[in-house]
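Understanding the architecture of this molecule
Below are the chains, spelled out letter by letter.
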Amino acid sequence: MKIRHHFDDATLMAYSSGSLPQGMAVLVGSHLHWCDECRERVSQTDRIGGDLLEAIEPVAMEPDALASIMALIDQPEPEQKLRSLSSDRLDSARTGLPLPLASMLGSSLDELDWRRIGYGVQQYDLKLDGPGATRLLRIAPGVSVPHHTHRGNELTLILRGSYSDELGRFCVGDVADVDTEVKHQPIVDTDEECICLIATDAPLKFTGLMGRLAQPFIGL
Ligand SMILES: [Zn+2]
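Summary of the structure given here. Every chain begins its residue count from 1, and numbering advances along the sequence as written. Only residues with pLDDT of at least 70 get local features here, since the model is predicted, and only at 80 or more are side-chain atom pairs given and counted; chain-wide, interface and lining totals rely on the full set of residues. As a convention, hydrogens and water are excluded, and side-chain values are obtained from all of the structure's heavy atoms.

1. Some words on the coordination of the zinc ion
Our working definition: Keep in mind that water is not among the atoms, so a site may look incomplete; donors are the N, O and S atoms within 2.8 Å of the metal, or 3.2 Å for Na, K and Ca. In short, tetrahedral needs four donors with all angles between 85 and 135 degrees, square planar needs four and octahedral six donors with opposite donors over 155 degrees apart and all other angles between 65 and 115, and whatever is left is irregular. Think of it in three bands: residues with accessible area under 20% of the maximum for their type are buried, residues over 50% are exposed, and the middle band is partly exposed, with areas taken using a 1.4 Å probe on protein chains only.
Protein-derived ligands of the zinc ion are His6 (ND1), His31 (NE2), Cys35 (SG) and Cys38 (SG), with the metal-ligand distances lying across 2.1 to 2.3 Å. In this structure, the zinc ion is surrounded by four donor atoms whose angles at the metal cover 98 to 125°, and the resulting shape is tetrahedral. Donor residues binding the zinc ion come from one chain and are separated in sequence as H-x24-H-x3-C-x2-C. Classification of Cys38 by relative accessible area gives buried; the value is 0%.

Quick look at the structure:
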C-alpha cells in the first residue's frame, strides 16, 4: 500500500493526548494500522507529551483519591470491550479492514446495513457518542459528493477505491485532514466504487443548490 496523504501534526497531537472524539480516534488508529510513517510521528508526539508531564510540578491529591480510582477500576467493562483481541484480529484479517475499525464493526463492509441517501451514494452511520458524526460512505463510480465546507474538522480514510478533489487524488490508506477553510467536492475517479470512513467534530455545511437539497437526506 503506497500512502501519500497523512494527518496534520495538530491531529496527531490531539490523538496522542486522547482529546479526539471517539470516531476520529478510531479513524486515526485505523490509518496508523496501515501507516508506518504516522505511527513513528505519534511515538515522537507521545515522547514529547511524556516529557511535558514529567516537567509539571506534583500537587497533593485529595485524601480519598486512591479509593475513587480503585472504585473506577472495579467497575465492569462495557460488553463491547469483552471481545478478545484475538477475535478482533480475526475480524481484521477476514475483512481486510484495519484493526480498530474491524473490531468496532464486527463485519465486513459488504455485510453492513447500508442506507441509500441519494443518487449513487449509500451511508452507514456508526452512531458513536460525542460531537460530530462518524459514518461510512459508499459512492458509485463517477458520482460526486455535494460541495461542502466545514464548521469543524473532517477526517476521511479511504478503505476501497479512490477519489479526487481540489486537494489531490486519494487511494486506499490515504487520509484527508481538512478544517473550516476547505471547500471541496470529491468525485470517484475510477470504475470501482469508493468506500471511505468519515469522522467530523461538528456538522457539515453544504453549499450550492445540490448541497442544500442533499442536506436533509444526509442528515448532518
Ligand atoms: Zn500516515
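Once you've had a look at it, read on.
2. A closer look at the pairing of strand E10 (residues 194-200)
The cut-off we apply is this: Helix numbers and strand numbers start at the N terminus; a helix is a DSSP run of H or I with at least 4 residues, a strand a run of E with at least 2. We call two strands paired when DSSP finds no fewer than two bridges between them.
Most of E10 is tucked away, with seven of its seven residues classed as buried. Of the two faces of E10, the one lined by Cys194, Cys196, Ile198 and Thr200 and the one lined by Ile195, Leu197 and Ala199 are each fully buried. As judged from the six bridges shared by strand E3 (residues 134-139) and E10, these two strands associate in the antiparallel manner. If you follow Thr134 over to E10, its bridge partner there is Ala199.

3. With respect to the sheet that holds strand E9 (residues 187-188)
Within the open sheet, the three strands sit side by side as E7-E6-E9. Their pairing is antiparallel. Two strands bound the open sheet, and with one partner strand each, they are strand E7 (168-170) and E9. Relative to E9, strand E6 (residues 163-165) is paired through two bridges, and the arrangement is antiparallel. By the bridge assignment, Tyr163 is partnered in E9 with Val188.

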